[in-house]
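# Observations on the model geometry
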Amino acid sequence: MMRLQRPGASPWRMSVDMATEMTPKTTDPPVVRATGPWASWWRYWFRGLRLIERPLTWWTLQRGFGNLVVVLIVGRRSGRTRTLPLGLLSVGGRLYLGHPSGDCGWTLDLRAANAAVLERASDPSTSVRATALGPGAEREAVIRASFRQHPFPGNAFYRLAASHVRTTGVFFRLAPG
């Protein structure tokens, strides 16, 4: 099998032009990988929640439950729509979604799609555009809101892991779209 390459180029080096073409053109904050004891705790907590995800989704759509909404996001690799219940935060009239412990499947999907659909018991489906938040006052206000707005026991866990959430949490601002 013959390889095509520029004369004199090493097969292990990328040309400057190729590297520039492959550079992401967004200004999103970088992907966050969380480590340590709190990262393990959140991973097991959310695995446990997956066991009750279907009844929780049904309950959220039928009657509502705290600040939970059902979020539909198109998968970045499969192209299939993922459905999951997430806590919707509200700060200063704006809406936000977040994950307390680095990027996970749905945050990576939301980064790739930049859009989602929110479903609630009280409102019709709403399409939204998502923008990842970088460090700053807006992100800090959203983190503080998560301590108050998530239903128990989630709010307690957010408070206990506050420094971990501040360093590794991934949050998105939602706008109608």
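Our subject in this report is the structure included herewith. Numbering of residues begins from 1 in every chain and follows the order in which that chain's sequence is written. A pLDDT threshold of at least 70 governs which residues receive local features in this predicted model, and a stricter bar of 80 or more applies before side-chain atom pairs are shown or counted, although totals over entire chains, interfaces and linings include all residues. Side-chain calculation: all heavy atoms of the structure are included, whereas hydrogens and water are not.

### Re the overall build of the protein
The helix and strand inventory of the protein stands at seven helices and seven strands. Starting at the N terminus and ending at the C terminus, the protein contains elements arranged as α-α-α-β-β-β-β-α-β-β-α-α-α-β. Buried means the residue's accessible area, taken with a 1.4 Å probe over protein chains only, is under 20% of the maximum for its type, while exposed means over 50%, and partly exposed covers the values in between. Split into buried and exposed, the 177 residues of the protein put 37% on the buried side. Whether two residues are in contact is decided by their heavy atoms, any of which lying within 4.5 Å being enough. Contacts in the protein between residues at least 24 apart in sequence constitute 66% of all its contacts with a sequence separation of at least 6. Total accessible area on the protein is roughly 11200 Å²; 58% of this is exposed by carbon and sulfur atoms. A helix here means a DSSP run of H or I that spans at least four residues, while a strand means a run of E at least two residues long, and both kinds are numbered starting from the N terminus. Areas reported as accessible are Shrake-Rupley estimates using a 1.4 Å probe. Residue values count occlusion only from the protein chains shown.

### Some remarks on the pairing of strand 6 (residues 126–132)
Strands qualify as paired when DSSP identifies two bridges or more between them. Summarising the sheet, strand 5 (residues 115–119) and strand 6 pair through four bridges and their orientation is antiparallel. By the bridge assignment, V117 is partnered in strand 6 with S127. Taking the residues between adjacent antiparallel strands as the criterion, strand 5 and strand 6 are bridged by six residues. Relative to strand 7 (residues 170–176), strand 6 runs antiparallel, the two sharing five bridges. Bridging from a neighbouring strand, A130 pairs with L174 of strand 7.

### Comments concerning the nonpolar core
Buried Ala, Val, Leu, Ile, Met, Phe, Trp, Tyr and Cys residues that are joined via side-chain atoms within 4.5 Å together make up what is termed a nonpolar core. V71, L97, W106, L110, L118, F172 and L174 are the most contacted members of the largest nonpolar core, which has 18 residues in total. Where this core is concerned, the elements lending two or more residues are strand 1 (68–74), strand 2 (81–87), helix 4 (105–113), strand 5, strand 6 and strand 7. Apart from the residues lying within four places of it in its own chain, the contact partners of W106 are I73, R82, L84, L86, L97, G98, H99 and F172. Ranked by size, the runner-up nonpolar core spans 11 residues in total, among them L133, V142, A161 and F171.

### What to know about the packing of aromatic side chains
Any two rings among Phe, Tyr and Trp, with Trp reduced to its six-membered ring, count as a pair given centres within 6.5 Å; such a pair is stacked if its planes are under 30 degrees apart, edge-to-face if over 60, and tilted if neither. Per the stated rule, a full pass over the model turns up one aromatic pair. With 6.3 Å between their ring centres and 50 degrees between their planes, W106 and F172 make a pair best called tilted. Of the two residues, W106 sits in helix 4 while F172 sits in strand 7, which places them 66 residues apart along the sequence. Judged by its relative accessible area of 7%, W106 is buried. Given a relative accessible area of 2%, F172 falls into the buried group.

### Section: helix 5 (residues 137–149)
The first and last C-alpha atoms of helix 5 sit 18 Å apart over 13 residues, in line with the 18 Å expected at 1.5 Å per residue. Where helix 5 is concerned, the buried positions are R139, A141, V142, I143, A145, S146 and F147. Here the buried face of helix 5 lies against strand 3 (89–91), strand 4 (94–99), helix 6 (154–160), helix 7 (162–168) and strand 7. The span you would expect from a helix comes to 1.5 Å times its residue count less one.

### Side note on the pairing of strand 7
The pairing of strand 4 with strand 7 spans five bridges and is antiparallel. Looking across to strand 7, one finds that H99 is bridged to V170.

### So, the pattern of salt bridges
When charged atoms on two side chains of opposite charge get close, those side chains can pair. Each reported salt bridge corresponds to a side-chain nitrogen of Lys or Arg within 4 Å of a carboxyl oxygen of Asp or Glu. What the rule picks out here adds up to seven salt bridges. Linking R173 and E138 is a salt bridge whose minimum nitrogen-to-oxygen distance equals 2.7 Å. Placement of the pair is R173 in strand 7 and E138 in helix 5, with a sequence separation of 35 residues. With a relative accessible area of 24%, E138 lands in the partly exposed category. A salt bridge links E140 to R166; the shortest N-O distance between them is 2.8 Å. Taken together, the residues E140 in helix 5 and R166 in helix 7 connect sequence positions 26 residues apart. By relative accessible area, R166 is classed as partly exposed at 32%.

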